[in-house]
Amino acid sequence: MNQPETIYVAGHRGMVGSAIVRQLLAAGHPASHIVTRTHAELDLTDQAAVRAFFAQVKPQQVYLAAAKVGGIHANNVYPADFIYQNLMIEANVIEAAFRNGVQKLLFLGSSCIYPKLAPQPMSEQALLTGPLEATNEPYAVAKIAGIKLCESYNRQFGASHGVDYRSVMPTNLYGPGDNYHPENSHVIPALIRRFHEAKVSGAPEVAIWGSGTPMREFLYVDDMAAASVHVMNLPKASYEQHTQPMLSHINVGYGSDMTIAELAHSIARVTGYTGQITFDASKPDGTPRKLMDSSRLHSLGWQAKVDLPTGLALAYQDFLNKTAQ
Ligand SMILES: NC(=O)C1=CN([C@@H]2O[C@H](COP(=O)(O)OP(=O)(O)OC[C@H]3O[C@@H](n4cnc5c(N)ncnc54)[C@H](OP(=O)(O)O)[C@@H]3O)[C@@H](O)[C@H]2O)C=CC1
Ligand SMILES: C[C@H]1O[C@H](OP(=O)(O)OP(=O)(O)OC[C@H]2O[C@@H](n3cnc4c(=O)[nH]c(N)nc43)[C@H](O)[C@@H]2O)[C@@H](O)[C@@H](O)C1=O
């Protein structure tokens, strides 16, 4: 396959987008071939601005890693922002990409697209088979729309225009570049901050949201970036052999999960916190379990590399680097 000369990474300052840029550079793509725009330079919810950008830049490939992203609390408190901004970003980018001749685009969804009580591990076939988890339903609906946008452009314009838009569904991610906001972040960056601050202040206990019993699967962000580039570059015949036109998304998971209580103990160890861990039942648990079935991606030749202890140590170092600045 010829190397594309213009690759647009949308969301390049985010945790995943920045890891995709690292991955592309490591794979030998010159920096001059990677096109980026900050949110301030290009608001992807603005259709006219997105159309003008694509008409001017004419990228050959697009990684769509820009999104309104947050943990359980942010999803619950700002549902309008999550559904509106994500629908607009996806619709604008995918439609402008098509108008401007982009044949290869990778859309990043999320494991929350699956029903709250989907059989575990969750295979791609579980999509649209049951009710969603309430805390993130608006975000999940927007992510399902993103998958269906890609599939619809493939079905309508694949043969005539060579459109080949793919979707990956990441499990819960963590790593350098994460958002360490005390309330709006995901569980790993939130607990890194909380345990670190408790260690520094000598607090006798740290409260974990919810019951501690929900189970989650965690993938290090550089593994996610490697999976994204892998899926983008798969030959069309291999991709089509493992997907269907109306069930085309691919799960990206680590392969095992743990309870939030177990995770909290691991983060306490990594940060060096030795006080008590308590549970705040006034906060939501969310989905009881969401372990991905990543066998589709394994058959396509990709495996995760970074285990949780290694990844948590790297994430804690990233937090320390940021707070030292
Ligand atoms: N983090 C996780 O655990 C998971 C993430 N995902 C998905 O992976 C993708 C990347 O997530 P992640 O890197 O964690 O998220 P981040 O919040 O770290 O990054 C998202 C990026 O998108 C940009 N962005 C948001 N809105 C706009 C906009 N209107 N116009 C232009 N840029 C915008 C943000 O810029 P700014 O900050 O300036 O607004 C930011 O750089 C998303 O699609 C997310 O849904 C899926 C599953 C789990
Ligand atoms: C990636 C995924 O992320 C979100 O879903 P989620 O899996 O529920 O993600 P979370 O990381 O916020 O929580 C995981 C679990 O951990 C518990 N928990 C404990 N203590 C804290 C805590 O301090 N902060 C947070 N955020 N959670 C905590 C929390 O109660 C929950 O049981 C989606 O909205 C959606 O955006 C999405 O796709």
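Under an unreviewed UniProt entry, the name given to the protein chain is GDP-L-fucose synthase, and the organism recorded is Hydrogenophaga aromaticivorans. Under Function (unreviewed entry), UniProt gives the following word-for-word description of the protein chain: "Catalyzes the two-step NADP-dependent conversion of GDP-4-dehydro-6-deoxy-D-mannose to GDP-fucose, involving an epimerase and a reductase reaction."

Caption draft 1: Local environment of the site of ligand 1. Taken together, 25 residues sit near ligand 1, with M15, V16, H39, Y139 and K143 positioned nearest. One of the backbone nitrogen or oxygen atoms of V16 is found 2.8 Å away from an oxygen atom of ligand 1. In the model, a nitrogen atom of ligand 1 is placed 3.0 Å from a nitrogen or oxygen of the D43 side chain. When ligand 1 is considered free in solution it has 900 Å² of accessible area, and contact with the protein chains removes 83% of it. Of the residues belonging to the shell around ligand 1, the class tally is 13 nonpolar, nine polar and three charged.

Caption draft 2: Representation of the environment of A140. Here A140 shows up in helix 5 (residues 137–161). Its relative accessible area of 0% is what places A140 among the buried residues. Residues A140 and T287 lie 147 residues apart in sequence; the distance between their C-alpha atoms is 12 Å. Apart from residues lying up to four places away in sequence, A140 is in contact with C112, I113 and L132.

Caption draft 3: Seen up close, the site of ligand 2. Around ligand 2, the surrounding shell holds 23 residues, and the nearest of these are S110, R194, R216, P284 and D285. A distance of 3.0 Å is found between an oxygen atom of ligand 2 and a side-chain nitrogen or oxygen belonging to N172. Contributions of two or more residues to the shell around ligand 2 are made by helix 3 (72–77), helix 6 (187–201) and strand 7 (205–209). No other element matches the four residues that helix 6 contributes to the shell around ligand 2.

Caption draft 4: The arrangement of unusual backbone geometry in detail. The linkage connecting Q120 with the following residue, P121, adopts the cis geometry, with an omega of -10 degrees. Along the chain, P121 turns up in the loop between strand 4 (104–108) and helix 5. In this model, L128 sits at a positive phi of 60 degrees, which is unusual for a non-glycine residue. Structurally, L128 is set in the loop between strand 4 and helix 5.

Cut-offs and rules
Residues numbered from 1 in each chain as written. Chains lettered and ligands numbered in written order. Predicted model: local features only at pLDDT ≥ 70, side-chain atom pairs only at ≥ 80, totals over all residues. Heavy atoms only, no water. UniProt positions renumbered as here; feature names shortened; annotations may be inferred. Near = heavy atom within 4 Å. Polar contact = N/O pair within 3.5 Å; in protein donor to acceptor, adjacent residues only side chain to side chain. Areas by Shrake-Rupley, 256 points an atom, 1.4 Å probe, with all protein chains shown as cover. Nonpolar A, V, L, I, M, F, W, Y, C, P; charged D, E, K, R; others polar. Helix = DSSP H or I, 4+ residues; strand = E, 2+ residues; numbered from the N terminus. Buried < 20%, exposed > 50% of the residue type's maximum accessible area, 1.4 Å probe, protein only. Contact = heavy atoms within 4.5 Å.

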